Amino acid sequence: MKRRQFINLLSVSLFLSLSPLFLAVVYGNKPKYKPKKQENWISIGTVAELDKNGQILKEKTSLGAILVIGTSESQKLIAVNPICTHLGCTVDWEAEENIFLCPCHASEFTAEGKVQNGPATKPLSIYKTKIEKNTVMVTRI
Ligand code: FES
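Residues numbered from 1 in each chain as written. Predicted model: local features only at pLDDT ≥ 70, side-chain atom pairs only at ≥ 80, totals over all residues.

Novice: Help me understand the overall build of the protein, please; the structure alone is not making it clear to me.
Specialist: Broken down by element type, the protein carries 2 helices and 10 strands. Going from N to C terminus, the protein has its helices and strands arranged as α-β-α-β-β-β-β-β-β-β-β-β. Out of the 141 residues belonging to the protein, those deemed buried represent 22%. By sequence separation, contacts in the protein at least 24 residues apart represent 36% of the contacts at least 6 residues apart. (Helix = DSSP H or I, 4+ residues; strand = E, 2+ residues; numbered from the N terminus. Buried ≥ 20, exposed ≤ 12 C-beta atoms within 10 Å, placed from the backbone. Contact = placed C-beta atoms within 7 Å.)

This is the structure we're talking about:
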């Protein structure tokens, strides 16, 4: 083996044997930083509408249908997608029982959207809420 061939073979061998180590150092030390998800708040209605009816139903938003329950005096507003996960009827809020009730086949959901009684098996989607400058706002959780 000539000297030049030996050096080439040595270079290739070194490169191949060290490249996994190099990749591990470069990609293994990547910061675990994940950019915070941008909260995309949308307006559902006014505080006056909410206080008048104790709820606002908006059937078409960029997040789908949204039903907000409560008033500006409530400690916490409830916001769900009111489309029943069984066959798609719109659930009603039953304030006395603190549940969402589907008028079609009587599925019941808790205020947190969890199924309390079937036939529905999947929960209602829930949303974060806030009141800002007399506007009721909602975003994904
Ligand atoms: S559509 Fe709601 S229970 Fe069937």
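Novice: In this structure, what is going on with the nonpolar core? I would like to understand it.
Specialist: For soluble globular proteins, the rule of thumb is that nonpolar side chains tend to be buried together. Formed by 23 residues in total, the largest nonpolar core has its most connected members in I44, I66, V68, A79 and V138. Mapped by element, the contributors of at least two residues to this core are β3 (66-69), β4 (78-80) and β10 (135-140). If near-sequence neighbours (up to four positions away) are discounted, I66 is found in contact with I44, K58, T61, A79, N81, Y127 and V138. (Core = buried A, V, L, I, M, F, W, Y, C linked by C-beta atoms within 7 Å.)

Novice: What is the right way to read the sheet that holds β10 from this model?
Specialist: Sheets are built from strands that pair by backbone hydrogen bonding, the pairs being arranged parallel or antiparallel. Spatially, the 3 strands line up as an open sheet ordered β1-β10-β9, and their pairing is antiparallel. Of all strands in the sheet, those with a lone pairing partner are β1 (42-46) and β9 (127-132), marking the two edges. Ignoring strand direction, the axes of neighbouring strands in this sheet form an average angle of 30°. Looking at chain direction, β1 and β10 are connected through 4 bridges and run antiparallel. When the sheet's bridge partners are listed, S43 is paired in β10 with M137. (Pairing = 2+ DSSP bridges. Axes fitted to C-alpha atoms, helices over the stretch in contact; angles between N-to-C directions.)

Novice: What's the story with the environment of V47 in this structure? I'm lost.
Specialist: Mapped onto the fold, V47 is located in helix α2 (residues 47-53). Here V47 falls in the partly exposed class, since 16 other C-beta atoms lie within 10 Å of it. In this structure the C-alpha to C-alpha distance between V47 and K133, which are 86 residues apart in sequence, comes to 8.8 Å. With near-sequence residues (within four places) excluded, V47 lies in contact with S72, I131, N134 and V136.

Novice: Before we go on, may I ask you to explain the environment of I131 in this structure?
Specialist: Tracing the chain through its elements places I131 in strand β9. Leaving out residues up to four positions away in the same chain, I131 has contacts with V47, S72 and V136.

Purely spatial values, then, with no claim about function.
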